[in-house]
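This is what each chain is made of:
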Amino acid sequence: MAFHTFHLVRKLSAICLLVFSGVTSELCSSSWLLHTGPHLLCMPGRFPCFLCSSHHSSPAAFLGVQSSEFTELSHREAEAQRSHHWARTGERDSHAGLPTPQISERRDPYPNRMQMPQGNPLLLSYTLQELLARDTVQVELIPEKKGLFLKHVEYEVSSQRFQSSVYRRYNDFVVFHEMLLHRFPYRMVPALPPKRVLGADREFIESRRRALRRFINLVARHPPFSEDVALRLFLSFSGPDVQNKLKESTQCVGDEFMNCKLAPRAKDFLPADIQTQFAVSRELIRNIYNSFYKLRDRAERIASRAIDNAADLLVFGKELSALGSDTTPLPSWAALNSSTWGSLKQALKGLSVEFALLADKAAQQGKQEENDVVEKLNLFLDLLQSYKDLCERHEKGVLHKHQRALHKYSLMKRQMMSAAVQSREPDSVEQLESRIVEQENAIQTMELRSYFSLYCLHQEMQLVHVYLPLTSHILGAFVNSQIQGHKEMSKVWNDLKPKLNCLFAGPNSSLTLPRSPQDGVSPH
């Protein structure tokens, strides 16, 4: 420990002498002091002062300035010295030969970083209509193609925004999904439907097609995703091997944390009770998900019953037609009623047309409710599930890595204390010091990522609330489907009623068509 303190004090003394003697202006032109000096002087810890025999929280405090003030001063000094160095040498470091930027042109040292929005970037101002208007993507099944061993399914993916139509396989969706998780680990990335199993039937393939359509539409309407190059490639690239193209597009690009300018400052925009808000939001989403899951289950059953009702009506009409088409001769003892049976058969045969029409109306209602009600409920459930998955990634990923980094740091500190007590060789102590500094940097990065993850969670929760008005669209579609379906079927039933008169109008029959309760006659 004494060896470490001696060298640190010697380095700080040299810096102090350079600062006070005016030599700093010459050293600031070197990249080491420009980039390392501010971080060295603001490094946290307890540093002994050789002037006042006290301890300071950082080398900057040792010099008598605040860390933030010194950092700002250092950057301004560095800019001034860069300009002085360029003017004196005619060089621009690695940018030699480029034109001199004007004063109004403030060069961005990180041109790939996302631009910081105006105002409070934590708050989103989107509406549901704005999100839905970003794009509408259709995913249609095209005929199966035979492979060497198995058939494979292809989809035609059409985007309104890009005016494109491309062919994609399920594995293309898988690679695209992996790219999104790599680029946006702190955002709601919807899950993909399961991979095809052996012996998959048409129902499974259709269900997966619908799930893929929901996935790509949620992605295409998500604000950060919609501006990423991977989405443009997936929806518009028509060349061969789109998977390698997607991988190449993200090879030299870090995740959102590395490309977002406000990522290091995410903590400044978060409310003080962000952890409490996160816990409350997570519980709210869990409750909403459970309720919408039950709504989706009932809506599926209602739509399924309408389709089953259509099938039953169709079979009912076919049986009436079969009965009217029966050619079995009447026995001799029933010959007196042959005219009655003949007229009944003729009437029954004609009723199959109306029942087929009723079956068609019921099937249309069921299909409409599947598309307008069940699918929208599934879309919202996919969004809610992606938020739940994001919360798990935050806890099991970012927070877990942060805790591991802190644990590793504490172990290194103990080793450092043990090495100081045992008076080990200076080289081994310096190596341990270097590892501790690296671990401190890792902890700082993980802490920044943790705050940025909470920042993104806060925004994703706002997106979920933007989608909440979709509930009124779903209920409106359900009510309209029921009204329209019953109205159309009621018309067919009313048209069918007069055709039943012939069933009760035989020459020797005194029966008449039963009157409904609305006619004022009791059914009893």
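Structural data are supplied above this passage.
Residues numbered from 1 in each chain as written. Predicted model: local features only at pLDDT ≥ 70, side-chain atom pairs only at ≥ 80, totals over all residues. Heavy atoms only, no water.

> Quick question: what am I supposed to make of the overall build of the protein chain here?
Check the secondary structure of the protein chain and you find 17 helices and 5 strands. Looking at the protein chain residue by residue over its 524 residues, the buried ones come to 37%. Sequence-distant contacts, at least 24 apart, represent 72% of the contacts inside the protein chain between residues at least 6 apart. Accessible area of the protein chain: about 31,500 Å², with a carbon and sulfur share of 56%. (Helix = DSSP H or I, 4+ residues; strand = E, 2+ residues; numbered from the N terminus. Buried < 20%, exposed > 50% of the residue type's maximum accessible area, 1.4 Å probe, protein only. Contact = heavy atoms within 4.5 Å. Areas by Shrake-Rupley, 256 points an atom, 1.4 Å probe, with all protein chains shown as cover.)

> Just checking my understanding: could you explain the packing of aromatic side chains for this structure?
To describe a pair of aromatic rings, you give the distance between the ring centres and the angle between the ring planes. Throughout the structure, instances matching the rule amount to 14 aromatic pairs. Pairwise contacts between aromatic rings join Y155, F173, F176, F215 and F234 into one cluster. One residue, R296, lies across the ring of Y293, its end atom 4.7 Å from the ring centre. (Phe/Tyr/Trp six-rings, centres within 6.5 Å; stacked < 30°, edge-to-face > 60°. Lys NZ or Arg CZ within 6 Å of the ring centre and 35° of its normal.)

> When you look at the side chain of R209 in this model, what are you seeing that I'm missing?
One can find R209 in helix α8 (residues 202-221). With a relative accessible area of 8%, R209 lands in the buried category. With residues near it in sequence (within four places) discarded, R209 still touches V139, E140, L141 and Y155.

> Whenever I open this one, the packing of helix α7 (residues 170-183) against helix α10 (residues 229-236) confuses me. Can you help?
Working note: a packed helix pair is described by the angle between its axes plus the distance between those axes. Packing of α7 against α10 leaves a shortest axis separation of 11 Å and a crossing angle of 170 degrees. Considering their axes alone, α7 and α10 lie roughly antiparallel with respect to each other. Mapping the contact onto sequence places D172, F173 and F176 in α7 and A230, L231 and F234 in α10. Residue composition of the contact of α7 with α10, by class: 5 nonpolar, no polar and 1 charged. (Axes fitted to C-alpha atoms, helices over the stretch in contact; angles between N-to-C directions. Parallel < 35°, antiparallel > 145°, perpendicular 65-115°, else oblique. Nonpolar A, V, L, I, M, F, W, Y, C, P; charged D, E, K, R; others polar.)

> Got a minute to help me understand the pattern of salt bridges in this structure?
Should their charged atoms come close, side chains of opposite charge can pair. Summed over the entire model, instances satisfying the criterion amount to 18 salt bridges. For the salt bridge of R213 with E375, the shortest nitrogen-to-oxygen distance reads 3.7 Å. Of this pair, R213 sits in helix α8 while E375 sits in helix α15 (residues 338-422), placing them 162 residues apart in sequence. Comparing R213 with E375 shows no difference in burial state: the two are buried. Among the ionic pairs, K491 bridges to D495, the shortest N-O distance being 3.3 Å. With a gap of 4 residues between them, K491 and D495 both fall in helix α17 (residues 470-496), about one helical turn apart. Its relative accessible area of 54% is what places K491 among the exposed residues. Via salt bridges that share partners, E140, E206, R209, R210, R213, R214, E375 and D382 belong to a single interconnected network. (Salt bridge = Lys/Arg side-chain N within 4 Å of Asp/Glu carboxyl O.)

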